[in-house]
Amino acid sequence: MAELTRVLVGFARALREAGLPVGSGDALGCCRAMTVLDTTDLADLYWGGRTTLLKRHEDLPRYDETFRRYFLGAGEPPAALLTILAESGVDATLALPEPERTGDEHETDMLLGLTASDVDSLKRKSFGTCTPDELAAIRRIMARLRLTPPKRRTRRTRPARKGREPDLRRTVRDSLRTFGEPRALRWRERRVRLRPLILVLDVSGSMADYSRTLLQFAYSARRAAAKVEVFCFGTRLTRITDQLRTRDADEALARAAEAVVDWEGGTRIGAALDEFVRTFGRRGRCRGGVVVICSDGFDRGDPDVLAKAVERLSRLCHRLVWTNPHGDALDPAPLGMRIAAPYVDLLVAGHDLRSLEELAAALPRAR
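Residues numbered from 1 in each chain as written. Predicted model: local features only at pLDDT ≥ 70, side-chain atom pairs only at ≥ 80, totals over all residues. Heavy atoms only, no water.

Within soluble globular proteins, side chains that are nonpolar generally end up buried alongside one another. Residues Leu197, Leu199, Leu201, Leu215, Val230, Ile240 and Val292 are the most contacted members of the largest nonpolar core, which totals 41 residues. Elements represented by at least two residues in this core include exactly α7 (132-143), β4 (197-202), α9 (211-224), β5 (228-233), α10 (249-259), β7 (290-294) and α14 (353-362). Looking at which element gives the most residues to this core, the answer is α9, with six residues. Other than its neighbours up to four places away in sequence, Val230 contacts Leu199, Leu201, Ala218, Thr238, Arg239, Ile240, Thr241 and Leu244. Counting residues in each nonpolar core, the second largest holds 26 residues, with Ile198, Phe231, Leu237 and Cys317 among its members. (Core = buried A, V, L, I, M, F, W, Y, C linked by side-chain atoms within 4.5 Å. Buried < 20%, exposed > 50% of the residue type's maximum accessible area, 1.4 Å probe, protein only. Helix = DSSP H or I, 4+ residues; strand = E, 2+ residues; numbered from the N terminus. Contact = heavy atoms within 4.5 Å.)

Right, here's the structure in full:
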């Protein structure tokens, strides 16, 4: 972190020499911003610096020119930056927005990242057909995904500026200051609390093309809220919530992979869900919550066990969501999907980044 701080302070000094009003407080704000961004991605360096160090829109051309010259321009990039990029093994690139380029900038255009069209094509490409580099890019995009957990209104209330329920106690108390004449009617509203979110991921062999990306999605969800539980299953159920409690995404995924001993093995959905209901569901872990099952529905276990487990799970939780990478593309549908369909509240695809974004957008509406 000390090396990166020297790089950012040097960049702020270069901007100040170029005539931009950048002070020490701005440099400190840039350093704080980079603590939550990917310091090995030049795209994050560009936008993080632009957000914290740029004050006037008319200074944008000088900022872009200084950024190119300082990091990738005619002079050599800072040695500390080269050390950071070499240790990470990431070849990060960035494309400056097209409308903000002028004149000679087209001749000296430096590709510093993925263009918007590239990102959009990645979002629509199935995980099973992506190359390793494309999967790595998708995971970097997914790491920035901010998932909003589902919420519920409680019976308790709190003071509000407006609402439907009058707060008589506050109204009378305020009227004592005016000798019993109420000046304004006070209001109350119901409190809002987060619902538990439980992700149950299928990591069997038939889900090999999707399981690691779904695990990255679970990590992003776990970072978004405290009431998130993550489980994996193949032939047995494994709770990996504790393994995902770290700020380093790569470390979290590695610890989760070590904890799951049946990775890319057989599939026993019914036995795994039955164990989840008996050990965690009855303890209130999913009571009133939203349970998301990520599986293709190929089950080698007893169909009766799966039917009973899904039926009991649907009664315990508030909403049951099933994410199937194949969606409705398989005809006939796998046996597991046909058994679970009557108890599932929402069925979504999970084969690409776009479908996972739709899932993240649908979760807050599961009230």
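So that's the structure; there's more coming.
A few words now on the packing of helix α2 (residues 24-34) against helix α3 (residues 42-53). Relative to each other, α2 and α3 sit at 140 degrees, their axes nearing to 9 Å. Classed by the angle they form, the pair α2 and α3 counts as oblique. Relative to α3, α2 is oriented so that their crossing is right-handed. Residues Asp26, Ala27, Gly29, Cys30, Ala33 and Met34 of α2 touch α3, and the partners they reach there are Asp44, Leu45, Gly49, Thr52 and Leu53. Tallied by class, the residues present in the contact of α2 with α3 amount to six nonpolar, three polar and two charged. (Axes fitted to C-alpha atoms, helices over the stretch in contact; angles between N-to-C directions. Parallel < 35°, antiparallel > 145°, perpendicular 65-115°, else oblique. Left-handed = near helix turned anticlockwise from the far one by under 90°. Nonpolar A, V, L, I, M, F, W, Y, C, P; charged D, E, K, R; others polar.)

So, on to the pattern of salt bridges. This model, assessed by the stated rule, comprises 13 salt bridges. With a shortest N-O distance of 2.6 Å, Arg62 and Asp59 are connected by a salt bridge. Judged by relative accessible area, which is 33%, Arg62 ranks as partly exposed. The partner of Glu65 in a salt bridge is Arg69, with the nearest N and O atoms 3.9 Å apart. Residue Glu65 and its partner Arg69 are both found in helix α4 (residues 60-72); the two are separated by four residues, about one turn of the helix. On the basis of relative accessibility, which here comes to 40%, the residue Arg69 falls in the partly exposed class. (Salt bridge = Lys/Arg side-chain N within 4 Å of Asp/Glu carboxyl O.)

With that settled, consider the sheet that holds strand β1 (residues 151-160). Taken together, the three strands give an open sheet; going across it, the order is β1-β3-β2, and neighbouring strands pair in antiparallel fashion. A single partner strand is all that each edge strand has here, and the edge strands are β1 and β2 (165-166). Where β2 meets strand β3 (residues 187-194), two bridges bridge the pair, whose relative direction is antiparallel. What sits directly across from Glu165, in β3, is Arg188. (Pairing = 2+ DSSP bridges.)

So, on to the sheet that holds strand β8 (residues 319-324). Overall, mixed pairing links the six strands, which are arranged β6-β5-β4-β7-β8-β9 in an open sheet. In this open sheet, the two strands that pair with only one neighbour each are β6 (237-239) and β9 (346-349). The mean inter-strand angle of the sheet, taken between neighbouring strand axes irrespective of direction, is 20 degrees. Note that β5 and β6 share three bridges and pair antiparallel. The residue of β6 that forms the bridge with Phe233 is Leu237. Here α9 sits on the sheet and contacts β4, β5 and β7; the angle it forms with β4, its principal contact strand, is near 165 degrees. Sheet contacts for α14: β7, β8 and β9; angle to β9, the most-contacted strand, approximately 150 degrees.

These figures capture arrangement, not role.
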